[in-house]
Amino acid sequence: MEVMPPRGARQPGESMTAPTPTLDRAAGDDAVAPVKIALRNVFKVFGNRPEAALRMVREGQDKAAVHAQTGCTIGVHDASFEIRAGEIFVIMGLSGSGKSTLLRLLNRLIEPSSGEILIDGRDIAKMSRRELTALRRAEMGMVFQSFALLPNRSVLDNAAFGLEVAGMAQAERHAKARAALEGVGLGAYADSKPDQLSGGMKQRVGLARALAGEPSILLMDEAFSALDPLIRAEMQDELLRLQSEHSRTIVFVSHDLDEAMRIGDRIAIMQHGRVVQVGTPDEIVTNPANDYVRSFFRNVDVAQVFRAGDIAAETHMPMIERRHTALPAALERLRNHKRDVAIVIGRDRKYHGMVTVDSLEDAARRPEQDVYRQALLPHVEPIAANEMLSDVMGRVAESPHPLPVVDEEQRYLGSISKTALLQTLDRSGN
């Protein structure tokens, strides 16, 4: 299972439902974020004969046969995966696939029929009602498709409503709600009524209400689907901004592929109650689990999915360590690799620039102690690892040589060639 470093280069991992490592946004590329939510063989059966239905399912009967014999519907079928702290995890599927049911299982708005649902290692299916209520108040916020605002209350009181139900004193809940409204850009509207707000503003109030309790987990069920496309994009931007400022574990149900690709660190695809694939957007685009998943992503523009760091490779150009590689050795390395261009790095892999055989030979004829300073090619700006391919295609296409890619610390990650770019754009098979 894999969580992205801060909107940078996505890391390769498993694309199926088995869990894979996740990187901690805050701690850096080498740190693994803890598991926040884990599902173990979770089933949800709707109907009056759940035991019989589960028995048939475990014997290999399909959903239609179970319904025909028991009258029960399998809402979620043997879901097992992990979500790590700080991840935006999107659940997608067609209508009736079980995505909203799965989301509601995570806070037991719907009771599981079988399996374990672990929050920070605690199985919520075994919690008492009091324990569950305490967990919801302390750890969870939820945003629905419907704004569900109380028309006769102010924006401030709507944002504070959950805290009021929890029994928090007015002064404290108003302070928290006001801070949440400020966070979503509605501080100036605290005394307004809902009918004075636009649709996007109303949804921001719903988001503020969920954030007022300072939850570590945010569950969002088609939260932006009732909004028009422009406002929906603004809300997606808002969510990403809030996540960059205060990282939470977000589980987001959506039927909108563009939305999932834009905000999701990883995506779970559901079909007939089953989680058929979990992976990063680029993993699913390039390695769909079945035809159902492939159909979702058939027309995806991979240039809007992949980032420069995803396709950067060290094989395109040799590397020269600046302080400890003498000029003759550098020239020999270029000739041995049959390359005209090389990358110059420091001992810490920091990118210094690019050189050619001609620039090195020309610098050697000058009385400079540091030949590399003279040899570095001018005007070669490295590409940031988190840049989308769509934003760098022109630069790569126009460059006479592969372009270097660096991380946030200016460490060299590899380079992108025209051939690698074209191969990537063709990887989805579109």
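Residues numbered from 1 in each chain as written. Predicted model: local features only at pLDDT ≥ 70, side-chain atom pairs only at ≥ 80, totals over all residues. Heavy atoms only, no water.

K.L.:
How do you make sense of the pattern of salt bridges when you look at a structure like this?
P.N.:
Opposite charge on two side chains allows them to pair when their charged atoms are near. Summed over the entire model, instances satisfying the criterion amount to 20 salt bridges. Close ionic contact of D348 with K350 constitutes a salt bridge, the shortest N to O distance being 4.0 Å. Under the relative-accessibility criterion, D348 is labelled partly exposed at 45%. What emerges from the salt-bridge pattern is a single network uniting R204, E238, R241 and E245. (Salt bridge = Lys/Arg side-chain N within 4 Å of Asp/Glu carboxyl O. Buried < 20%, exposed > 50% of the residue type's maximum accessible area, 1.4 Å probe, protein only.)

K.L.:
Explanation requested: the packing of helix α7 (residues 170–183) against helix α8 (residues 199–212) in the structure shown.
P.N.:
Relative orientation and spacing of two packed helices are given, respectively, by the angle between their axes and the distance between those axes. As a packed pair, α7 and α8 sit with axes 8 Å apart at the nearest point and diverge in direction by 130°. The orientation of α7 with respect to α8, classified from their angle, is oblique. Crossing geometry of α7 relative to α8 is assigned as right-handed. Contacts between α7 and α8 involve K176, A177, A180 and L181 from the former and A208, L211 and A212 from the latter. (Axes fitted to C-alpha atoms, helices over the stretch in contact; angles between N-to-C directions. Helix = DSSP H or I, 4+ residues; strand = E, 2+ residues; numbered from the N terminus. Parallel < 35°, antiparallel > 145°, perpendicular 65-115°, else oblique. Left-handed = near helix turned anticlockwise from the far one by under 90°. Contact = heavy atoms within 4.5 Å.)

K.L.:
Explain the confidence of the model for the chain to me, please; I cannot follow it from the model alone.
P.N.:
The predicted structure's coordinates, where accompanied by low pLDDT, should not be read in detail. Averaged over all residues, the pLDDT of the chain equals 85, while 91% of them reach at least 70. Of the regions scoring below 50 in pLDDT, residues 1–30 engages in 106 contacts with residues more than four places distant in sequence or in other chains. (pLDDT = per-residue confidence, 0-100.)

K.L.:
I keep staring at the sheet that holds strand β12 (residues 341–345) and nothing clicks. Help me out?
P.N.:
Hydrogen bonding along the main chain pairs the strands of a sheet, whether they run parallel or antiparallel. Spatially, β11-β12-β13 is the arrangement adopted by the three strands of the open sheet, whose pairing is mixed. The outermost strands of the open sheet, each flanked by one partner alone, are β11 (319–321) and β13 (351–356). If you compare each strand with its neighbour and ignore which way they point, the axes differ by 30° on average. Alignment of β12 against β13, held across five bridges, turns out to be antiparallel. Residue A342 lies in a different strand from β13, and its bridge partner there is V355. Its contacts with the sheet put helix α14 (residues 327–336) on β11, β12 and β13, and the angle it makes with β11 is roughly 170°. (Pairing = 2+ DSSP bridges.)

K.L.:
What is the right way to read the UniProt feature "domain: ABC transporter" (unreviewed entry) in the chain from this model?
P.N.:
UniProt feature "domain: ABC transporter" (unreviewed entry): in the numbering of this structure it lies at residues 37–297. The straight-line gap between the two end C-alpha atoms of residues 37–297 is 27 Å; of that span, 42% is helix and 24% is strand. (UniProt positions renumbered as here; feature names shortened; annotations may be inferred.)

K.L.:
Help me understand the pairing of strand β7 (residues 217–221), please; the structure alone is not making it clear to me.
P.N.:
A regular strand places its side chains so that they alternate between the two faces of the sheet. Extensive coverage of β7 is indicated by the burial of five of its five residues. When strand β6 (residues 140–143) meets β7, the two strands line up parallel, connected through four bridges. Bridging across to β7, M140 finds its partner in I217. Taking the sense of rotation as the criterion, the β-α-β connection linking β7, helix α9 (residues 229–245) and strand β8 (residues 249–253) turns out right-handed. (Right-handed = clockwise from strand over helix to strand, strands pointing away.)

K.L.:
Whenever I open this one, the side chain of S399 confuses me. Can you help?
P.N.:
Of note, S399 is situated in the loop between α17 (389–398) and β15 (403–406). Among the polar contacts made by the side chain of S399, one reaches the main-chain carbonyl oxygen of H401 at a distance of 2.6 Å. (Polar contact = N/O pair within 3.5 Å; in protein donor to acceptor, adjacent residues only side chain to side chain.)

K.L.:
Would you explain the nonpolar core in this entry?
P.N.:
In terms of nonpolar packing, the biggest core is built from 64 residues, with L207, M220, I269 and F297 touching the most fellow members. Counting residues per element, this core draws most heavily on α8, at seven residues. Residues contacting I269, with those up to four places away along its chain left out, are M92, R274, V275, V276, Q277, I284, Y292, V293, F296 and F297. Counting residues in hydrophobic clusters, the runner-up holds 30 residues, among them L39, I119, V253 and V278. (Core = buried A, V, L, I, M, F, W, Y, C linked by side-chain atoms within 4.5 Å.)

K.L.:
Is there a simple way to think about the pairing of strand β9 (residues 266–271) in this case?
P.N.:
Among the six residues that make up β9, six are buried, leaving the element largely enclosed by the rest of the structure. Alternating positions in β9 separate into two faces, R266, A268 and M270 on one and I267, I269 and Q271 on the other, with burial throughout. Pairing analysis gives five bridges linking strand β3 (residues 88–93) to β9, with the strands arranged parallel. In the strand pairing of β9, M92 is matched with I269. Bridge count between β9 and strand β10 (residues 274–279): five bridges; the pairing is antiparallel. Residue pairing across strands places M270 opposite V275, the latter belonging to β10. The loop that links β9 with its antiparallel partner β10 comprises two residues; one of these, H272, has a positive phi angle of about 50°.

K.L.:
Can you walk me through a nonpolar patch on the surface in this structure?
P.N.:
On the surface, L150, F161 and V165 cluster together into a nonpolar patch covering about 230 Å² of accessible area. Within the secondary structure, V165 sits in helix α6 (residues 161–165). Classification of V165 by relative accessible area gives exposed; the value is 52%. (Patch = residues over 30% accessible without salt bridge, like charges linked within 9 Å, V, L, I, M, F, W, Y side chains within 5 Å. Areas by Shrake-Rupley, 256 points an atom, 1.4 Å probe, with all protein chains shown as cover.)

K.L.:
Would you mind showing me how to read unusual backbone geometry here?
P.N.:
Leave glycine aside and you will find that most residues have negative phi; peptide bonds, for their part, are mostly trans. With phi around 55°, D78 is a residue other than glycine that occupies positive phi space. Summarising the element assignment, D78 is placed in strand β2 (residues 73–84). Under the relative-accessibility criterion, D78 is labelled partly exposed at 34%. Even without glycine at this site, Q410 takes up a positive phi of about 65°.

K.L.:
Is there a simple way to think about the sheet that holds strand β1 (residues 35–46) in this case?
P.N.:
Here we have four strands laid out as an open sheet, ordered β2-β1-β4-β5, and antiparallel in their pairing. Two strands in the sheet have a free side with no partner beyond their single neighbour: β2 and β5 (122–123). Where β1 lies against strand β4 (residues 114–119), five bridges are found, and the strand directions are antiparallel. Across the sheet, the residue bridging to R40 is E116, located in β4.

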